[in-house]
Amino acid sequence: MNIQETVIFLMEMIGTVAFAASGAMVGAGRGMDIFGVCVLGVVTSVGGGMIRDIVLGIIPPNMFQHPVYTVVATITSCLVFLVLSVKKELLEGHLRENYDRIMLVMDSIGLGIFTVVGVNTGINSGYMDHTFLLVFLGTITGVGGGLLRDMMAGVPPYIFVRHVYACASIVGAIACVYIYRCFGAVAAMVGASAAVIVIRYLAAHYHWNLPKLTSENRGEE
């Protein structure tokens, strides 16, 4: 592999581990067994990419053509399950704050990396001039796995109820498209993924949220 392919592969591996860990932690927090934890970990890490590939007409999706990502996600999920089964206190009490911080870090890293991977996949498929499509592909790759994870776990989808999330992915995808056109793939992927991670962290730290209806807005008691 050349330098560009190596950088992209390493970023994909980091994103896979990060998202698999976040998915597995959600499954463990919901009291699932090891199979359920692994399913959530795998779905979180490769689910968005699977949706992206279907949109692009890549059949079968890359998760089946290159199972290394699924294998890595499964191993990561098993390790998370093992750690949490030994340290059950991580899911409760005052240590719950540490769990939430780890979740934020893992989710933010995965979001940033998979957003730019989605854009890069679209560009490599020949859609360099289709900005809207590229932004959609980046966003769905970034948030799609988490959306499937939350639906399967029976919790309100993270992208609809927590701080700025999908919007961070959209901003990162737009940045990735234009940086790519000016400076190339490596600069675009590193710069745009970093931007998504920073936006996510700042949104969580300062509690930035999009406007939403409260019970008073809806005229409820």
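Residues numbered from 1 in each chain as written. Predicted model: local features only at pLDDT ≥ 70, side-chain atom pairs only at ≥ 80, totals over all residues. Heavy atoms only, no water.

1. Regarding the overall build of the protein chain
When helices and strands are counted, the protein chain shows nine helices and zero strands. The N-to-C order of helical and strand elements in the protein chain reads α-α-α-α-α-α-α-α-α. For 221 residues, the compact-globule formula gives about 17 Å, and the C-alpha radius of gyration of the protein chain, at 17 Å, lands near that figure. Projected onto the principal axes, the alpha-carbon positions of the protein chain cover approximately 50 × 45 × 30 Å. Taken over 221 residues, the protein chain has a buried fraction of 45%. (Helix = DSSP H or I, 4+ residues; strand = E, 2+ residues; numbered from the N terminus. Rg over C-alpha atoms; globule rule 2.2 N^0.38 Å. Buried < 20%, exposed > 50% of the residue type's maximum accessible area, 1.4 Å probe, protein only.)

2. What to know about the confidence of the model for the protein chain
On average, residues of the protein chain carry a pLDDT of 88, and 91% of them reach 70 or more. Confidence, expressed as mean pLDDT per element, reaches its minimum in the protein chain at helix α7 (residues 158–161) with 76 and its maximum at helix α2 (residues 34–56) with 95. (pLDDT = per-residue confidence, 0-100.)

3. A closer look at the state of the cysteines
The final tally for this structure, using the stated rule, is zero disulfides. Left unpaired, Cys 38 is separated from the closest cysteine sulfur, that of Cys 78, by 3.4 Å. A relative accessible area of 11% means that Cys 38 is categorised as buried. Free cysteine: Cys 176, not disulfide-bonded; nearest cysteine sulfur from Cys 182 at 12 Å. (Disulfide = S-S within 2.5 Å.)

4. Considering unusual backbone geometry
The peptide bond linking Ile 59 to Pro 60 adopts the cis configuration, its omega dihedral lying at -10°. Its location among the elements puts Pro 60 in the loop between α2 and α3 (62–65). One non-glycine residue, His 207, adopts positive backbone phi at about 55°. Structurally, His 207 can be placed in the segment after α9 (185–205).

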